[in-house]
Amino acid sequence: MMLRTSASRVLDDNDRDEVLGLLDSDPVANVFVASRVRAVGLNPTRLGGQMWGFGPRGGLISLCYAGANLVPVNVGREAVHAFADRARKQGRRCSSIVGPSAAVELLWERLEPHWGRARAIRWAQPVMATSSAPLVAPDPEVRRVRPEEFGTLLPACVAMFTEEVGVSPDNGDGGALYRSRVAELIRIGRSYAHIEDGQVIFKAEIGAVTPQACQIQGVWVDPLYRGRGHAATGMATVVEQALKYFAPIVTLYVNDYNLPARAAYKKVGFREVDTFTSVLF
C-alpha cells in the first residue's frame, strides 16, 4: 500500500526519541543530522530549520532535515515524493541538497523543474570511515587550535571553503555565520592544525559528533606544501584524537575526483562505505 504524501509532517521535540532511533540505525550516513538533533532538539528555531517526517508518530519511516542543507534520511520513493512536494511548496531555502546518492538523485529529479539549474552537482562523493588506530605515524605538530589563533586559521578556512565549494563563504552575509562557526569549533576543541611561524600548513575540523560517530570536515593543506605527506600524517593525528576523545567511528566524505585526498585517507586507514551526492546552489 502506498503511503499518501500527506504523511509528511513537521516534527517537534515530542518526536525526538523516535527521530534519534531512526538516525542511529545508520550512524555514519546520518552523523550530521544526528549531531544537530542531539545538540539542540527539533525546535525549528534552535535547529536552524525544520525536520520533516514521513509516517505517523510511532511509525516514522523517513526524515528530511530542511535547513541550510536539505538532507534526506532513510527515504524510499514515496517519502521522496512527500518531501519534494513540501520543498517545492516552501521554495528553495537551502544552499545544497546532500546525502546518500540514490535519495538525492530522486529528490533533485523532482525539484529541478521548479528550482532551476544547480550551480554544481557532485554526483559521486565516497563516504569513508575508520574505527582503528591510524596506519601511518601522526604529525606531532598537529594540535588543537587556540582561541587566540582564530585570525591565523580563518584565511585557511576561507581558502578551503572556496576551493571545495566554488564560492567564497563571505558571500551573502559577509561571512558572519561562517566566521562564527570557525570560532565555535575552536572554542569547543574540535579544530586542529599544524601551524608554523603563523602559517597554517594543515588543518581539519571535527564538525559533527554523536556517541556513535564523528565527521571530519574542512581538510586542507597549504598548496605550497602539498605532495609532501602532510595530509596523511595530519589526518592520522586528527583520527587519533577523534577516536580518543569523541567517538568510536571517524567518518568523512570526499569528491571522487580528488584522487590525492582519497589516497591519503586510505593510507591512514579509511575505507569507502557509501556514496553521497551533493547538489550545490
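Our structure is the block above this text.
Keep in mind it's a predicted model, so treat the numbers as computed, not measured.

Trainee: Help me understand unusual backbone geometry in this model?
Mentor: Among all residues save glycine, negative phi is the norm, and among peptide bonds the norm is trans. One non-glycine residue, Asn74, adopts positive backbone phi at about 55°. Within the secondary structure layout, Asn74 lies in the loop between strand 4 (69–73) and helix 4 (77–90). The backbone phi angle of Asp197 is positive, close to 50°, even though this residue is not glycine. Note that Asp197 resides in the loop between strand 8 (191–196) and strand 9 (199–209). The exposure class of Asp197 is exposed, given its relative accessible area of 84%.

Trainee: Would you mind going over the pattern of salt bridges with me for this structure?
Mentor: Side chains that carry opposite charge are capable of pairing whenever their charged atoms lie near each other. By the definition in use, this model includes 16 salt bridges. Across the pair Asp13 and Arg46 runs a salt bridge whose closest N-O atoms are separated by 2.7 Å. With Asp13 in the loop between strand 1 (8–10) and helix 1 (16–23) and Arg46 in helix 3 (residues 44–47), the pair connects residues that are 33 residues apart, well separated along the chain. When its relative accessible area of 43% is taken as the criterion, Arg46 is described as partly exposed. For Lys266, the salt bridge is made with Glu272, and the minimal N-O distance between the two is 3.7 Å. In this structure Lys266 comes out as partly exposed when scored by relative accessible area, which is 44%. Look at Glu272 and you get partly exposed, because its relative accessible area is 35%. When salt bridges with common partners are traced through the structure, they connect Arg9, Asp12, Asp15 and Arg57 into a single cluster.

Trainee: Before we go on, may I ask you to explain the packing of aromatic side chains in this structure?
Mentor: With the rule as written, the count across this model stands at eight aromatic pairs. Arranged with centres 6.4 Å apart and planes meeting at 75°, the rings of Phe54 and Phe83 form a pair that is edge-to-face. In this pair, Phe54 is assigned in strand 2 (residues 50–54) and Phe83 in helix 4, connecting sequence segments 29 residues apart. Each member of the pair, Phe54 together with Phe83, is buried. Linked through ring pairs, Trp52, Phe54 and Phe83 together constitute an aromatic cluster. The aromatic ring of Trp52 is capped on one face by Arg86, whose charged end is 5.9 Å from the ring centroid. Positioned over the ring face of Tyr245 is Arg144, at 5.0 Å from the centre of the ring.

Trainee: What exactly am I supposed to notice about the packing of helix 1 against helix 2 (residues 31–40) here?
Mentor: Direction vectors running N to C along helix 1 and helix 2 enclose 155°, while the axes themselves pass 10 Å from each other. Considering the angle they form, helix 1 stands roughly antiparallel to helix 2. The crossing of helix 1 and helix 2 is left-handed. On the side of helix 1, the interface is formed by Arg16, Val19, Leu20 and Leu23, while helix 2 contributes Val33, Ala34, Val37 and Arg38. Here the contact of helix 1 with helix 2 is composed, by residue class, of six nonpolar, no polar and two charged.

Trainee: Teacher, can you tell me more about the nonpolar core here?
Mentor: A general tendency of soluble globular proteins is for nonpolar side chains to be buried together. Membership of the largest hydrophobic core comes to 28 residues, with the highest contact counts inside it found for Ile216, Met235, Val238, Leu252, Tyr265 and Phe270. Where this core is concerned, the elements lending two or more residues are strand 9, strand 10 (214–221), helix 8 (230–245), strand 11 (250–253) and helix 9 (259–268). Setting aside anything within four residues of it in sequence, one finds Phe270 in contact with Met128, Ala129, Thr130, Ile216, Met235, Val239, Val250, Thr251, Leu252 and Tyr265. Of all hydrophobic cores here, the second largest spans 22 residues; its members include Ala7, Cys64, Cys94 and Val279.

Trainee: Looking at this model, I keep getting lost on the pairing of strand 2. Mind explaining?
Mentor: Here strand 2 lies mainly inside the structure; four of its five residues are buried. Of the strand pairs in this sheet, strand 1 and strand 2 are connected by three bridges, and their pairing is antiparallel. Directly across from Arg9, in strand 2, lies its bridge partner Gly53. In the sheet, strand 2 pairs with strand 3 (residues 62–66) via five bridges, with the strands oriented antiparallel. Directly across from Trp52, in strand 3, lies its bridge partner Cys64.

Trainee: Just checking my understanding: could you explain the environment of Phe32 for this structure?
Mentor: Looking at the secondary structure, you find Phe32 in helix 2. The exposure class of Phe32 is partly exposed, given its relative accessible area of 28%. As for Phe32 and Leu153, which are separated by 121 residues in sequence, their C-alpha atoms are 23 Å apart. Ignoring sequence-local partners within four residues, the contact set of Phe32 consists of Tyr65, Asn69, Val71, Ala208 and Gln215.

Trainee: Looking at this structure, I do not really get the packing of helix 8 against helix 9. What am I missing?
Mentor: To describe two helices that pack against each other, one gives the angle between their axes and the distance between the axes. As a packed pair, helix 8 and helix 9 sit with axes 9 Å apart at the nearest point and diverge in direction by 50°. Taken as axis vectors, helix 8 and helix 9 run oblique relative to one another. Considering only the axes of helix 8 and helix 9, their crossing is right-handed. Along its contact with helix 8, which presents Ala231, Ala232, Met235, Ala236 and Val239, the element helix 9 presents Ala264, Tyr265, Lys267 and Val268.

The rules behind these values
Residues numbered from 1 in each chain as written. Predicted model: local features only at pLDDT ≥ 70, side-chain atom pairs only at ≥ 80, totals over all residues. Heavy atoms only, no water. Helix = DSSP H or I, 4+ residues; strand = E, 2+ residues; numbered from the N terminus. Buried < 20%, exposed > 50% of the residue type's maximum accessible area, 1.4 Å probe, protein only. Salt bridge = Lys/Arg side-chain N within 4 Å of Asp/Glu carboxyl O. Phe/Tyr/Trp six-rings, centres within 6.5 Å; stacked < 30°, edge-to-face > 60°. Lys NZ or Arg CZ within 6 Å of the ring centre and 35° of its normal. Axes fitted to C-alpha atoms, helices over the stretch in contact; angles between N-to-C directions. Parallel < 35°, antiparallel > 145°, perpendicular 65-115°, else oblique. Left-handed = near helix turned anticlockwise from the far one by under 90°. Contact = heavy atoms within 4.5 Å. Nonpolar A, V, L, I, M, F, W, Y, C, P; charged D, E, K, R; others polar. Core = buried A, V, L, I, M, F, W, Y, C linked by side-chain atoms within 4.5 Å. Pairing = 2+ DSSP bridges.

Keep in mind these values describe shape, not function.
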